[in-house]
Amino acid sequence: MTKAMPEKLTMEKLVSLCKRRGFIFQSSEIYGGLASCWDYGPLGVELKNNVKAAWWQSVVRQRDDTVGIDASILMHPRVWEASGHVAGFSDPFSTCLACGRNWRMDQMGETVRCPECGGELSEPAPASLMLETFLGPVRATSQITYLRPETAQGIFVNFQNVLNSTRKKLPFGIAQIGKAFRNEITPGNFTFRTREFEQMEIEYFVKPGTDEQWFNHWVTERFNWYINLGIREENLHLREHSKDELAHYARSCTDIEYLFPFGWSELEGVANRTDFDLRQHANHSGENMSYFDDQSQERYTPYVIEPSAGVDRSALAFLADAYAEELDDKGDLRVVLHLHPALAPIKVAMLPLSRSEKLVPLAKEVYENLRRHWMVQYDDAQSIGRRYRRQDEIGTPFCVTVDFQSLEDNQVTIRDRDSMRQMRVPIAGLGACLAAKLGGEPFEVLPPGGAYWLGF
Ligand code: GAP
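Source: prediction; values computed, not measured.

Peer 1: Which residues make up the domain arrangement of the chain, and what are the values?
Peer 2: Taken domain by domain, the chain consists of domain 1 (2–74 + 151–319) and domain 2 (346–453). Computed from C-alpha coordinates alone, the two centres of domain 1 and domain 2 are separated by 36 Å. Contacts between domain 1 and domain 2 engage seven residues on the former and six residues on the latter. Of the roughly 580 Å² buried at the junction of domain 1 and domain 2 (both faces included), carbon and sulfur atoms supply 53%. Of all residues in domain 1, the largest losses of buried area upon contact with domain 2 belong to Arg 21, Leu 43 and Glu 46, amounting jointly to 65% of the total for that side. Between domain 1 and domain 2 we count two salt bridges in total.

What follows is the structure, given as structure tokens:
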């Protein structure tokens, strides 16, 4: 029998793995699915929560100059007039007069006919990306508002609230994670471009004149965040926006792009929004949106540097970058997700060698201990080899096996996902050992009884 050989990742493979293993399902699948909407399954929600926690840790908890908020999705409709979204948040689109497909004309290059059927295209017209909704139970008297197209405006309108309640001084940032909605003309590429997605945004307020320096700071910080969480540097690059692709609020913007299986595409944008938003809100609301700088004794409207990342795109990039097909030492193919331990949905799998009544109590006891600290999965179905493969495929960094010898010597076997190496460790030291590894330390074999074994 010929053995399978490693192949390159395609989107089809990634979509199939995500469905098969419970990362991502199509929304409303039993009704035929809702285009461009996706549901995160048991592993997907863990991955996504881990991405958000890693971001929050890095931009809020580990910085003295940033605080977080959680603003509501629904906002006063005048917010979107002031922000320029009602008038200007649109993409030029044309419809094919033959097959009825819609196309974004700014992505078509020189093409003047339908790329699908070659049909004639309608005159390009702007299509608003705003998703409208109605507030109030009676349609006739209800108010039209929008599902926010970016989380940023929830931050701008709270600028003075945060300033007054935290007594922060410039430069400082406000961070937020939340859902955003856009009526995209051409959603696609799985979770890359959808109509409902999640953003992780920081609005970083600075003194005008220092904006370029802070812009560079944030581009570097954010680029390194992806690298530190395991994305290979050759798969990331920076791309500066040309003047004609800048959003209506931005003076400059640099995208952090990832080499997805479908090509280089935006993961995150870092924009210099100047004082555009605060000024617009000051003008439209009549409220004071300026800042008094007690060092320079000046009052001014701060400039804003905005690193804006997508949770779904980040999760997709982490999955794609982690995916590998490898041959093991027997020449068998294994699919493995080399996810950073901080992102892995399951940190440890507890695998009793068999379902023997003798083994189960010990396996369960160790499992109960570990799950107080991490997301741990107990798996006793099928052979140990198959169980290792299942855990490799979902990116579990460590498997712990309890066998009959464990009953005698109080030791278990830890198996490392990436090297597939195994080592015996005393159960008492398992917690300390795994804690060091799951914190991202390199996997090295230390002798039992060494300083490492601190007990649980
Ligand atoms: N507040 C600025 C802003 O919203 P953006 O470049 O339009 O800027 C920021 O969006 C990030 O949000 C993108 O880099 C991407 O990661 C994510 N994003 C935007 N539109 C998306 C969509 N339709 N589907 C999934 N993610 C999206």
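Peer 1: Residues and numbers for the sheet that holds strand 10 (residues 196–206), please.
Peer 2: With mixed pairing, the seven strands of this open sheet are ordered in space as 3-9-10-16-13-12-11. Edge positions in the sheet fall to strand 3 (66–68) and strand 11 (236–240), since each of these pairs with one other strand and no more. With direction set aside, neighbouring strand axes in the sheet form an average angle of 25°. Direction of pairing for strand 10 relative to strand 16 (residues 303–310): antiparallel, over a ladder of six bridges. Paired with Met 200 across the bridge in strand 16 is Ala 309. Sitting on the sheet, helix 6 (residues 159–166) is in contact with strand 3, strand 9 (172–181) and strand 10, with an inclination near 140° to strand 9. Taken strand by strand, helix 7 (residues 211–228) contacts strand 10, strand 11, strand 12 (252–260), strand 13 (263–274) and strand 16, and its axis lies near 150° from that of strand 13.

Peer 1: I'd like a description of the side chain of Ser 406, backed by residues and values.
Peer 2: Here Ser 406 is to be found in helix 12 (residues 404–409). In terms of polar contacts, Ser 406 uses its side chain to reach the backbone carbonyl oxygen of Gln 411, at 2.7 Å. In this view, Ser 406 contacts Leu 362, Thr 401, Gln 411, Val 412 and Arg 424; residues no more than four positions away in its chain are not counted.

Peer 1: A description of the state of the cysteines should follow, citing residues and the corresponding values.
Peer 2: Scanning the entire structure with this criterion turns up zero disulfides. Looking at the unpaired Cys 37, the closest cysteine sulfur is the one in Cys 18, lying at 16 Å. Not part of a disulfide, Cys 433 finds its nearest cysteine sulfur in Cys 399, a span of 14 Å.

Peer 1: Outline the site of the ligand, listing residues and values.
Peer 2: Around the ligand, a shell composed of 20 residues is seen, among which Glu 150, Arg 182, Thr 194, Glu 201 and Glu 266 lie nearest. In the model, an oxygen atom of the ligand is placed 2.7 Å from a nitrogen or oxygen of the Arg 182 side chain. Phe 192 places a polar main-chain atom, nitrogen or oxygen, 3.3 Å from a nitrogen atom of the ligand. Structurally, the ligand is housed in the largest pocket. For the shell around the ligand, the elements supplying multiple residues, two or more each, are strand 10, strand 13 and strand 16. Taken together, the residues that form the shell around the ligand break down as five nonpolar, five polar and ten charged.

Quick notes on the rules
- Residues numbered from 1 in each chain as written.
- Predicted model: local features only at pLDDT ≥ 70, side-chain atom pairs only at ≥ 80, totals over all residues.
- Heavy atoms only, no water.
- Domains from an automatic or database assignment.
- Contact = heavy atoms within 4.5 Å.
- Buried area = accessible area lost by both parts, 1.4 Å probe.
- Salt bridge = Lys/Arg side-chain N within 4 Å of Asp/Glu carboxyl O.
- Pairing = 2+ DSSP bridges.
- Helix = DSSP H or I, 4+ residues; strand = E, 2+ residues; numbered from the N terminus.
- Axes fitted to C-alpha atoms, helices over the stretch in contact; angles between N-to-C directions.
- Polar contact = N/O pair within 3.5 Å; in protein donor to acceptor, adjacent residues only side chain to side chain.
- Disulfide = S-S within 2.5 Å.
- Near = heavy atom within 4 Å.
- 1 Å grid on protein atoms, 1.4 Å probe; cavity = no way out; pocket = protein on both sides within 12 Å on 5 of 7 lines; lining within 4 Å.
- Sits in = over half its atoms within 2 Å of the grid points.
- Nonpolar A, V, L, I, M, F, W, Y, C, P; charged D, E, K, R; others polar.

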